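Here is what each chain is made of, one letter per residue.
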Amino acid sequence: MPVSSAGGRRRGRNSQINYWPGFVDALSTLLLAIIFLISVFTVGQFFLSRELSGRDTVLDRLNRQISELTDLLSLERSSRRTIEETVTSLQTTLRANEAERTRLQGLLDSGGAVQAEAQQLNTQLESERQATGRALSQVEILNQQIAAMRRQLAALEDALSASENRDKESQARIADLGSRLNVALAQRVQELARYRSDFFGRLRQILGNRQDVRIVGDRFVFQSEVLFPGGQAFLRPEASGELDRIASALVELERQVPPDIPWVIRVDGHTDQRPINTAQFPSNWALSSARAIAVVQALIARGVQPQHLAAAGFGEFQPLDNGTTEEAYARNRRIELKLTER
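Residues numbered from 1 in each chain as written. Predicted model: local features only at pLDDT ≥ 70, side-chain atom pairs only at ≥ 80, totals over all residues. Heavy atoms only, no water.

Draft legend 1. Spotlight on the overall build of the chain. Secondary structure summary: the chain contains 7 helices and 5 strands in total. When its helices and strands are written in sequence order, the chain yields α-α-α-β-β-α-α-β-α-β-α-β. Buried residues in the chain amount to 28% of all 342 residues. When the accessible surface of the chain is summed, it comes to about 22100 Å², and 56% of that surface belongs to carbon and sulfur atoms. (Helix = DSSP H or I, 4+ residues; strand = E, 2+ residues; numbered from the N terminus. Buried < 20%, exposed > 50% of the residue type's maximum accessible area, 1.4 Å probe, protein only. Areas by Shrake-Rupley, 256 points an atom, 1.4 Å probe, with all protein chains shown as cover.)

Below, the structure written as structure tokens:
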């Protein structure tokens, strides 16, 4: 019986599932992923900051070098003044010692003690002369270092001046290019305005003086009832002739306008303010957009290039008449054609 009990305890311990290794692996994987993302972000920031540094980094580095050289020059000048003061002091001491030596030399015949003192003073004088010579050598070395620093400072100032001149030339070129671009854009706008005038003139000739087709500003406005049944987005059969004439004018416009002028005919759909909520059109947005797309598809089917067409739905939010009469509602239900830049 004891043996059976011990075996049961071992089986109980072995049957327990140890989740800790899996948790450690998952945590390590998550940590490695975070470290990888941080590394990618750090590398991206590094390359971005290096690309953005540009001219300002060069100028800042030159300014820092000039500041460091200026500080070093000030320090060397201070050291030079200190050494010069030391040399002056040593020269004063040397002259005093020489005077003392002369005095003692006159007293040399007076006794041996005076001669010994004079010899000691001569030794001190020689030591001070050697110290003065070393100080003069250091002054000369400092003068050479200061001259080299001045040459470096002059070179850095020349480099900074050249960089500033290049910046001014670049800014002048940028301003010139900007003015040329503005002139070119103005010419393109004028050309597009001329083609817009020709296109609208052609549409006037094609459509005639119809009451349900109007010109509002720079747009041709068709009443929706000319093209669509009420509350629907499929074209009436009667609208085919109107769309044929419009497509013919657009195809002719495509042949006239140079390919480097970006233009597009924007077809805008509008509804009145009364809401619509059907399975096909849950809102006025959907109805106006569907009608604009139907006109665009019909023009494409008649040979107009798709890249020269765009469809937009405005719902009830761009009314021509804010009234609530049937006439106002009819004016606001419309399709507009506008020749504009892409």
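Draft legend 2. Looking closely at the confidence of the model for the chain. Here the chain averages 80 in pLDDT, while 79% of its residues score no lower than 70. Here helix H1 (residues 2-15) stands out as the least confident element of the chain, with mean pLDDT 50; helix H6 (residues 284-301) is the most confident, with 97. (pLDDT = per-residue confidence, 0-100.)

Draft legend 3. Spotlight on the UniProt feature "transmembrane region" (unreviewed entry) in the chain. Taking the UniProt record as the reference, the feature "transmembrane region" (unreviewed entry) is found at residues 26-48. Measuring from the first to the last C-alpha atom of residues 26-48 gives 33 Å, for a span that is 100% helix and 0% strand. (UniProt positions renumbered as here; feature names shortened; annotations may be inferred.)

Draft legend 4. Region of the structure containing H6. End to end, H6 covers 26 Å across 18 residues, agreeing with the expected 26 Å (1.5 Å per residue, within 8%). Among all positions of H6, only Asn 284, Leu 287, Ser 288, Arg 291, Ala 292, Ala 294, Val 295, Val 296, Ala 298 and Leu 299 are buried. Against the buried residues of H6 lie helix H4 (224-227), helix H5 (239-256), strand E3 (263-270), strand E4 (309-313) and strand E5 (334-341). Downstream of H6 by a residue or two, Gly 303 has a phi angle that is positive, lying close to 105°. (Expected span 1.5 Å × (residues − 1). Contact = heavy atoms within 4.5 Å.)

Draft legend 5. Expanded view of H5. For H5, with 18 residues, the first-to-last C-alpha span of 26 Å sits near the 26 Å given by 1.5 Å per residue. The complete set of buried residues in H5 reads Ala 239, Glu 242, Leu 243, Ile 246, Ala 247, Ala 249, Leu 250, Leu 253 and Glu 254. The buried side chains of H5 occupy one side of the element, clustering within an arc of 160° when seen end-on. (Arc of directions from axis to C-beta.)

Draft legend 6. Region of interest: the environment of Thr 93. Relative to the helices and strands, Thr 93 is located in helix H2 (residues 20-106). On the accessibility criterion, Thr 93 (31% relative accessible area) is partly exposed. Once the C-alpha coordinates of Thr 93 and Arg 129 are considered, the two residues, 36 residues apart in sequence, prove to be 9.9 Å apart.

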